[in-house]
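Per-entry structural report
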Amino acid sequence: MKLINPLRDGNAYVYHYTSSATALDHILRNNTLLLNSYRKVNDPKESKHWDVSPFVRTELNLELEQYDARSEEISTILKGNAKIVCFSRDKAEAVNAWQPEALLNRGFAKPSMWHHYANAHDGVCLMFNRERLEGALKRQLTAGHLFHGSVTYTNRGILPKIPGDPFVIDLLQAKSPTGYFAAIQAHFDRWHKELFLEKLADWSNEDEYRWVFLDSHAEPRLIYFEDALEAIVVGEDVDESRYESFLQYCVLHKRDIAKLVWHNGYPRVEHPGQP
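What counts as what
Residues numbered from 1 in each chain as written. Predicted model: local features only at pLDDT ≥ 70, side-chain atom pairs only at ≥ 80, totals over all residues. Heavy atoms only, no water. Core = buried A, V, L, I, M, F, W, Y, C linked by side-chain atoms within 4.5 Å. Buried < 20%, exposed > 50% of the residue type's maximum accessible area, 1.4 Å probe, protein only. Helix = DSSP H or I, 4+ residues; strand = E, 2+ residues; numbered from the N terminus. Contact = heavy atoms within 4.5 Å. Polar contact = N/O pair within 3.5 Å; in protein donor to acceptor, adjacent residues only side chain to side chain.

With respect to the nonpolar core
- Core analysis: the largest hydrophobic core is formed by 30 residues, its most contacted members being Leu 28, Phe 128, Leu 133, Ile 232 and Phe 246.
- Elements represented by at least two residues in this core include exactly helix 1 (20–30), strand 2 (32–37), strand 4 (82–89), strand 5 (123–129), helix 5 (130–140), strand 10 (208–214), strand 12 (229–235) and helix 7 (240–253).
- Not counting chain neighbours up to four residues away, the residues in contact with Leu 133 comprise Val 14, Leu 33, Phe 87, Phe 128, Trp 211, Phe 225 and Ala 228.

Next up, the structure:
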């Protein structure tokens, strides 16, 4: 059973925490995950406005207000057009380790994640096969720029380094709307790790893994996760009727299910296995 240690591969799975209502009414009902705007995330480094410094052609003779408006527009495009779906992952310490202590290093047993993202233990944690999920994303998100990876947590400074800074963009060759967006895409490709795979160190307990997709519009994207779902971990406070709904889904799709309960502060997996 994939939820029982010892874990054999620390890179095999990713975990998505959500409320029971979102899981039942949207994710599981439609077999889809939502890639939502990057502006919806919770780290202020990500959700708040970016002060982007563009290099522009001198013949444009931009006034200060025009320059600031250009900076605002670039930040809006970079963050608004970028869509993101977020997961937790297993810690390296979970590999080949036995429970019960090792469970606290599993991606589905993070107390703060259960509290903040899974409706205070009244939600679920969905366990996905990372490789199969990556394949599903690549097959469906073709007309744009897609990347993925683990988040790095750092409190490094934000003073710009010219040249070579994620908040300094070269628009010298942007002479048309097409060229303008191409320059933003090129900047996205070069600096995606620094812009989209870094969070402040205070979030490090999340052990986050994410996919980010940039295309030419700001609308969210739904993607089918196909056969990537491995298991549903149900929170301790989910009522019996909703648990039955999750159980029915697992029966239909032959997926594992378990309930995560907390005993004297430690997690415990109950009723693991296929229904």
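Some points on the environment of Ile 232
- Summarising the element assignment, Ile 232 is placed in strand 12.
- We classify Ile 232 as buried; its relative accessible area is 0%.
- Separated by 135 residues in the primary sequence, Ile 232 and Ala 97 have C-alpha atoms spaced 22 Å apart.
- Apart from the residues lying within four places of it in its own chain, the contact partners of Ile 232 are Leu 28, Val 124, Cys 125, Leu 126, Phe 246, Tyr 249, Cys 250, Asp 256, Ile 257 and Ala 258.

What to know about the environment of His 121
- With respect to the helices, strands and loops of the structure, His 121 is situated in the loop between helix 4 (111–117) and strand 5.
- The exposure class of His 121 is buried, given its relative accessible area of 18%.
- Distance from His 121 to Ser 241, taken between C-alpha atoms, is 15 Å for residues 120 residues apart in sequence.
- Apart from residues no more than four positions distant in its own chain, His 121 is found in contact with Pro 111, Trp 114, Gly 235, Glu 236, Asp 237, Val 238 and Trp 262.
- A polar atom in the side chain of His 121 sits 3.4 Å from the side chain of Trp 262.

Considerations on unusual backbone geometry
- With omega at 5 degrees, the peptide bond leading from Asn 5 into Pro 6 counts as cis.
- Of note, Asn 31 is a non-glycine position whose phi angle comes to about 55 degrees, a positive value.
- Its relative accessible area of 23% is what places Asn 31 among the partly exposed residues.
- With phi around 75 degrees, His 121 is a residue other than glycine that occupies positive phi space.

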